[in-house]
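# Structural features, examined
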2 protein chains.
Amino acid sequence: MASSYAQNFPPGLEMIRQGDPADFLHIVLEGSVELLAQWGGRECTMAVVRPVSTFILAASIRDAPYLMSARTLERTRIILVPSSDLRAMFRRDTEFSVSVINELAAGYRSVVRNAKTLKLRNSRERVASYLLHQSLLAGGAASYILPVEKRLLASYLGMTPENLSRTLKVLESDGLKMDGARVIITDREKLTALAQPDKLIDGPDSAGNESGAGLPTSHI
Amino acid sequence: MASSYAQNFPPGLEMIRQGDPADFLHIVLEGSVELLAQWGGRECTMAVVRPVSTFILAASIRDAPYLMSARTLERTRIILVPSSDLRAMFRRDTEFSVSVINELAAGYRSVVRNAKTLKLRNSRERVASYLLHQSLLAGGAASYILPVEKRLLASYLGMTPENLSRTLKVLESDGLKMDGARVIITDREKLTALAQPDKLIDGPDSAGNESGAGLPTSHI
DNA sequence: CTGATGAATTGATATTTATCAATCAGGAAA
DNA sequence: TTTCCTGATTGATAAATATCAATTCATCAG
């Protein structure tokens, strides 16, 4: 991996455009990166990647085009590993292969969970379970600050910012209180009854592949 | 893999229940299997697996609970490989590991495509692109038979059967004609303009992981 | 402190999608 | 052939969600 190198990116830069050849595996060292999908003029947030995680692992492995674009949310430091080096390593280091297998399998399951939420829950339920899940990541705190802008959160949850705003308002009769970006869970039981958290959707998985970050790590 | 064995299942049997421990990797030899997700009384189809494909690979690798249930659609013959044997193989056979890495990466990308369709396209667009994609799998035929029941297709596409039925009717003014389970594309250009097929959503991927089957193969 | 900028909220409305109920159609079994 | 069952369709309606427009709010540069 001698030819790997680190690089800094300014905020708001679309560093990867979906469809481009996956020449490098990316590893976030500092900052955060939004993974987004575009189609016919529309776009939506698929995940936010925070240190230390890889992204677009699957594309690098298959030497295939990126399925998502990547845009820095803040100043971000990233290591770039040539995909060909990555693939060459599989035949040199068995333990490395096993690690990659595990990482891929974990990521895979993470996307499946995501798809389950999208198909089985309506937007109110998605919001409620997201907020409860974040509370858990914050050590079960009843109050915490949203790790991402609401606009981005709305896109991640598959809804419009307006709809998220109204949904948060509606949830005030179900044990939630918002104060700007601050979340206050006033009645955890009530909110939980509505969100119906589920191990097979919200985790945790045996190995934690969500490193306290705002949105699940993903690997194209 | 000496302790693997084949088994036959009757139609309509829920052979795997989500949440169960993933003791076996499953390989479909004959028949077809529906992968479905359940939550709070609701359920939806995530994929249909046809021969010859594995499913629940990721769960087997991580020794984690299945994220989806599996139900036979017809009489089905399946090989069961103990997950522990599978994991042991990684350290014995490098080429096997590389194959699994590629299989996982392909499956991963397949689920991401799925999530993109769900988030970026509305139901009419999902239906149109599904039908065009199937036409492609049928060698570009203008007419073919739906490979699955409409009820199941609706669930897979994230809509109700009623909505699918109405959507198919609406599409008759956009180059489509239905006759029972038969699809007839009367104006491919018009339908294509509506569906806006996209390589990064509808494939094909470099390696074909959809073996002419009805719905994309998936591996929990 | 002030203006400018983008996010967030709110209201009004339209569109999409689901739900419920009632047929209708087609295939399997008697 | 007839019966029965399940899936498919259709209609009427309700609920969920998006869109568009107008403020309000927060933050940051000057």
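Bear in mind the structure is a predicted one, so any value in this text is a computation, not a measurement.

Analysis parameters
- Residues numbered from 1 in each chain as written.
- Chains lettered and ligands numbered in written order.
- Predicted model: local features only at pLDDT ≥ 70, side-chain atom pairs only at ≥ 80, totals over all residues.
- Heavy atoms only, no water.
- Near = heavy atom within 4 Å.
- Polar contact = N/O pair within 3.5 Å; in protein donor to acceptor, adjacent residues only side chain to side chain.
- Helix = DSSP H or I, 4+ residues; strand = E, 2+ residues; numbered from the N terminus.
- Nonpolar A, V, L, I, M, F, W, Y, C, P; charged D, E, K, R; others polar.
- Buried < 20%, exposed > 50% of the residue type's maximum accessible area, 1.4 Å probe, protein only.
- Pairing = 2+ DSSP bridges.
- Axes fitted to C-alpha atoms, helices over the stretch in contact; angles between N-to-C directions.
- Parallel < 35°, antiparallel > 145°, perpendicular 65-115°, else oblique.
- Left-handed = near helix turned anticlockwise from the far one by under 90°.
- Contact = heavy atoms within 4.5 Å.
- pLDDT = per-residue confidence, 0-100.

## Comments concerning the protein's contact with DNA strand C
If you check the shell around DNA strand C, you find 15 residues, and the closest are Lys150(A), Arg151(A), Arg166(A), Lys169(A) and Ser123(B). Here a phosphate oxygen of DNA strand C sits 3.3 Å away from a polar atom, N or O, in the main chain of Thr160(B). Note that a phosphate oxygen of DNA strand C is positioned 3.0 Å from one of the side-chain N or O atoms of Asn163(B). When contributions to the surface near DNA strand C are tallied by element, the ones reaching two or more residues are helix H5 (150-156) and helix H6 (161-170) of chain A together with helix H6 (161-170) of chain B. A total of four residues in the surface near DNA strand C trace back to one element, the largest contributor, which is H6(A). In terms of residue class, the surface near DNA strand C is built from one nonpolar, six polar and eight charged.

## Some thoughts on the pairing of strand E10 (residues 176-179) of chain B
In the case of a regular strand, side chains alternate between the two sheet surfaces. Residue and element names in this part refer to chain B. Burial along E10 is one-sided: Leu 176 and Met 178 are buried, and none of Lys 177 and Asp 179, which face the opposite way, are. By the bridge criterion, four bridges tie E10 to strand E11 (residues 182-185) in an arrangement that is antiparallel. In the sheet register, Asp 179 faces E11, and the bridge partner there is Arg 182. Hairpin connection from E10 to E11: two residues lie between these consecutive antiparallel strands, with Gly 180 at a positive phi of about 65°.

## Details of the packing of helix H4 (residues 123-137) of chain B against helix H7 (residues 188-195) of chain B
All names here are of chain B. Where H4 meets H7, the axes come as close as 8 Å, and the angle between the chain directions of the two elements is 130°. Overall, the two elements H4 and H7 adopt an arrangement that is oblique. H4 and H7 meet at a crossing whose hand is left-handed. On H7, the residues that touch Arg 124, Glu 125, Ala 128, Ser 129, Leu 132 and Ser 135 of H4 are Arg 188, Leu 191, Thr 192, Leu 194 and Ala 195. Taken together, the residues that form the contact of H4 with H7 break down as five nonpolar, three polar and three charged.

## Let's talk about the protein's contact with DNA strand D
The local shell around DNA strand D holds 15 residues, among which Ser123(A), Lys150(B), Arg151(B), Arg166(B) and Lys169(B) are the closest. Take Glu162(A): an N or O atom from its side chain is 3.1 Å from a base nitrogen of DNA strand D. Side-chain polar atom of Arg166(B) to a base nitrogen of DNA strand D: 2.9 Å apart, as the coordinates give it. For the surface near DNA strand D, a count of residues per class yields one nonpolar, six polar and eight charged.

## A short note on the confidence of the model for chain A
When pLDDT is averaged along chain A, the result is 93; 93% of the residues meet or exceed 70. Here residues 207-213 of chain A scores under 50 on pLDDT; set against residues more than four positions off or in separate chains, the count is 12 contacts.

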